[in-house]
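# Architecture and fold: a report
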Amino acid sequence: RIGDLTEPAHDALRLKNTLHSYYTFEDSTTILLHNPTRSQLIHELDKLTQRLTSSDNLLIFYAGRGYWDGT
């Protein structure tokens, strides 16, 4: 079980460990990006579009502090 999420990078790692320990997620099919750039994130999503099929499931967990642009 995961409680309050307070530290995004650590929280993502905790979720990954939970998925591997209690569910059928495998390391070979789990992608964890720590502080990716926009370009890195798009690149990984593009790779997924090549690999996933209509019978696959996809879980995306995004954790971050956010940005206030003041508008």
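You'll find the structure just up there.
First, a word on scope: everything that follows refers to the structure included in this document. (Residues numbered from 1 in each chain as written. Predicted model: local features only at pLDDT ≥ 70, side-chain atom pairs only at ≥ 80, totals over all residues. Heavy atoms only, no water.)

Each helix and strand counted, the protein chain has two helices and zero strands in total. Within the protein chain, the proportion of its 71 residues that are buried is 14%. Counting every atom, the protein chain has about 6400 Å² of accessible surface; 51% of that belongs to carbon and sulfur. (Helix = DSSP H or I, 4+ residues; strand = E, 2+ residues; numbered from the N terminus. Buried < 20%, exposed > 50% of the residue type's maximum accessible area, 1.4 Å probe, protein only. Areas by Shrake-Rupley, 256 points an atom, 1.4 Å probe, with all protein chains shown as cover.)

Attention now goes to the pattern of salt bridges. Inspection of every chain in the model, using the stated rule, returns three salt bridges. K47 is paired through a salt bridge with E44; the nearest N and O atoms lie 3.3 Å apart. Here K47 and its partner E44 are both found in helix α2 (residues 38–51), three residues apart, which amounts to about one turn of the helix. Of the residues examined, E44 reaches a relative accessible area of 17% and is grouped as buried. (Salt bridge = Lys/Arg side-chain N within 4 Å of Asp/Glu carboxyl O.)

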